[in-house]
Amino acid sequence: MALRLLQHRAPDGARCVLFADGAQAHVVPGVASIRELALRAIAAGTTLARAARDAGLGAAVDIARELDAGHLLPPIDHADPAHLILSGTGLTHLGSAEGRDKMHAAAASGQTMTDSMRMFLDGVAGGKPADGNIGQQPEWFYKGDGSQLVGPDAPLAMPAFAQDGGEEPELAGIYLIGDDGTPFRLGFALANEFSDHVTERHNYLWLAHSKLRQAALGPELLIDAAPDDVRGTSRIRRDGTVIWEKPFLSGETNMSHSLANLEHHHFKYDLFRRPGDVHVHFFGTATLSFSDDLRTQEGDVFEIEAAPFTLPLRNPLTRAEPYAASVKVL
């Protein structure tokens with residue numbers, strides 16, 4: 001089983017980091033966050049796993065029980081949420097263009113290929129360049145800052161004005177920028193890149209609007225080598241009953257872009273290499289309940305699970321209170 005790190009918060013608010021090796025998880029003494037442990041590893045020129053072991057592992061913890069008790073946090077955060085950036089790439093998985101093309105086909109006429117299909121095929125042709133080469137850039141979108149990040153079992157709230165709240169089961173890469181501007185990949189988390197697909201379907205230029213939503217991360221940060229072939233299940237429960245369920249695939253084997261290519265086209269921008277910042281980058285999916293004409297409702301529960309992660313990501317769907325956005329002139 002893979003090596004994982006988790007963030008734990010006790011009922012009294014005290015935080016700690018957990019190191020899971022196989023079925024066993026232990027407290028990492030002396031650190032309150034994975035970001036703090038990562039900064040220690042960078043300074044020592046070592047790995048996260050070595051930094052955790054060098055700290056001397058403490059008491060054993062049953063992570064499944066702690067998840068059920070609501071004590072597990074997202075596996076990354078920042079004391080200043082403005083310095084955590086949520087972003088992502090789409091049309092990156094083999095088969096991912098089918099659902100998007102259905103949404104945007106009305107914009108095409110006759111033999112015209114949609115922009116989504118054109119971008120997908122560009123990625124298939126040039127998304128996995130040979131070592132040392134730069135491949136085709138992917139679609140990119142911004143989701144928000146750390147204030148938009150929710151953890152396991154926390155509600156995913158669609159805005160009052162949203163037309164839809166739909167799941168996107170994905171892998172997310174977690175990064176920390178070093179003092180010299182070097183991006184360090186800390187690992188991968190199971191993710192729900194929550195979006196508004198009805199808004200996007202209306203006009204593909206509204207993709208940016210549809211992505212400005214919360215997103216959820218599962219409790220585990222996978223710190224082994226990047227998984228090549230991830231196979232999981234995405235489901236939706238309504239009143240305790242599964243109303244939709246489908247397998248999903250991720251990892252480079254099932255993608256039209258390499259991770260290295262997606263990372264290059266994100267971190268090539270200077271503003272994304274600001275020392276101390278955290279980045280959560282969603283790598284895309286090919287599996288959506290929206291593509292099967294399911295419409296979610298408040299109270300539905302999204303559930304995503306996939307090996308080598310051992311814990312599921314569950315989040316109920318809610319709707320935020322309306323806010324009248326008005327500007328005062330000074």
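Scoring rules and cut-offs
- Residues numbered from 1 in each chain as written.
- Predicted model: local features only at pLDDT ≥ 70, side-chain atom pairs only at ≥ 80, totals over all residues.
- Heavy atoms only, no water.
- Buried < 20%, exposed > 50% of the residue type's maximum accessible area, 1.4 Å probe, protein only.
- Helix = DSSP H or I, 4+ residues; strand = E, 2+ residues; numbered from the N terminus.
- Pairing = 2+ DSSP bridges.
- Axes fitted to C-alpha atoms, helices over the stretch in contact; angles between N-to-C directions.
- Phe/Tyr/Trp six-rings, centres within 6.5 Å; stacked < 30°, edge-to-face > 60°.
- Arc of directions from axis to C-beta.
- Salt bridge = Lys/Arg side-chain N within 4 Å of Asp/Glu carboxyl O.
- Patch = residues over 30% accessible without salt bridge, like charges linked within 9 Å, V, L, I, M, F, W, Y side chains within 5 Å.
- Areas by Shrake-Rupley, 256 points an atom, 1.4 Å probe, with all protein chains shown as cover.
- Contact = heavy atoms within 4.5 Å.

Asker: Which residues make up the pairing of strand S4 (residues 84–90), and what values go with them?
Answerer: In terms of residue burial, S4 counts as a mostly covered element, since 7 of its 7 residues are buried. By the alternation rule, side chains of S4 split into Leu84, Leu86, Gly88 and Gly90 and Ile85, Ser87 and Thr89, which are all buried. Bridging between S4 and strand S13 (residues 278–282) involves 5 bridges; their strand directions are parallel. Across the sheet, the residue bridging to Ile85 is His279, located in S13. Note that S4 and strand S5 (residues 139–145) share 6 bridges and pair antiparallel. Directly across from Gly90, in S5, lies its bridge partner Glu139.

Asker: I'd like a description of the sheet that holds strand S15 (residues 313–319), backed by residues and values.
Answerer: Taken in spatial order, the 5 strands make up an open sheet running S7-S15-S14-S11-S12, and their pairing is mixed. A strand with exactly one partner marks an edge of an open sheet, and here the two such strands are strand S7 (156–158) and strand S12 (241–250). Each strand of the sheet is rotated relative to its neighbour by a mean of 20°, with strand direction disregarded. Relative to strand S14 (residues 301–307), strand S11 (residues 230–238) is paired through 7 bridges, and the arrangement is antiparallel. What sits directly across from Ile236, in S14, is Phe302.

Asker: Which residues make up the packing of aromatic side chains, and what are the values?
Answerer: Inspection of every chain in the model, using the stated rule, returns 5 aromatic pairs. Plain terms: the ring middles of Tyr175 and Phe267 are 5.1 Å apart, the flat faces sit at 65° to each other, and that makes the pair edge-to-face. You can see Tyr175 sitting in strand S8 (residues 169–177) and its partner Phe267 sitting in helix H8 (residues 259–267), a full 92 residues away along the chain. Across this residue pair, the class does not change: Tyr175 and Phe267 are buried.

Asker: So what's going on with H8? Which residues, and what values?
Answerer: One turn of an α-helix holds 3.6 residues; hence residues three or four places apart share an orientation. Within H8, 7 of the 9 residues are buried, which leaves it mostly tucked inside the rest of the structure. Inspection of H8 places Leu259, Asn261, Leu262, Glu263, His265, His266 and Phe267 among the buried residues, and these make up the whole buried set.

Asker: Pulling in residues and values, what's your account of the pairing of S13?
Answerer: For a regular strand, side chains alternate in direction, first toward one face of the sheet and then toward the other. The buried fraction of S13 is high, at 5 of 5 residues. Taking every second residue as pointing to the same face, both faces of S13 are buried, with Val278, Val280 and Phe282 on one and His279 and His281 on the other. One ladder, built from 5 bridges, connects S8 with S13; its direction is antiparallel. The residue bridging Ile174 from the neighbouring strand is Val280, located in S13.

Asker: An account of unusual backbone geometry is needed here, citing residue identities and associated values.
Answerer: Backbone torsion omega between Ala307 and Pro308 reads 10°, so that peptide bond is classified as cis. You will see that Asp153, though not glycine, has its phi angle at about 70°, which is positive. With a phi close to 55°, Asp239 is a non-glycine residue in the positive phi region. Looking at the element boundaries, Asp239 is found in the loop between S11 and S12. A relative accessible area of 76% places Asp239 in the exposed class.

Asker: Before we move on, could you go through helix H1 (residues 34–44) and cite the residues and values that matter?
Answerer: Those residues of H1 not exposed but buried are Ile34, Arg35, Leu37, Ala38 and Ala41. Projected down its long axis, H1 shows its buried positions confined to an angular sector of 160°, all on one face. Seen from the buried face of H1, the exposed residues on the opposite side, beyond 90 degrees, are Ala43 and Ala44.

Asker: Which residues make up the pattern of salt bridges, and what values do they have?
Answerer: Overall, the coordinates contain 21 salt bridges when judged by the stated rule. Note that Asp277 is salt-bridged to Arg274, the shortest N-O span being 2.8 Å. Residue Asp277 is classed as buried on the basis of its relative accessible area of 0%. Given a relative accessible area of 40%, Arg274 falls into the partly exposed group.

Asker: Please provide a residue-by-residue account of a nonpolar patch on the surface, values included.
Answerer: On the surface, Trp140, Tyr142 and Leu212 cluster together into a nonpolar patch covering about 290 Å² of accessible area. According to the relative accessible area criterion, Tyr142 is partly exposed, its value standing at 42%.

Asker: Quick one: what's the story with the side chain of His266, residue by residue and with numbers?
Answerer: The residue His266 is located in helix H8 in this model. Dropping the residues within four chain positions of it, His266 is found in contact with Ser87, Trp140, Phe272, His279 and His281.

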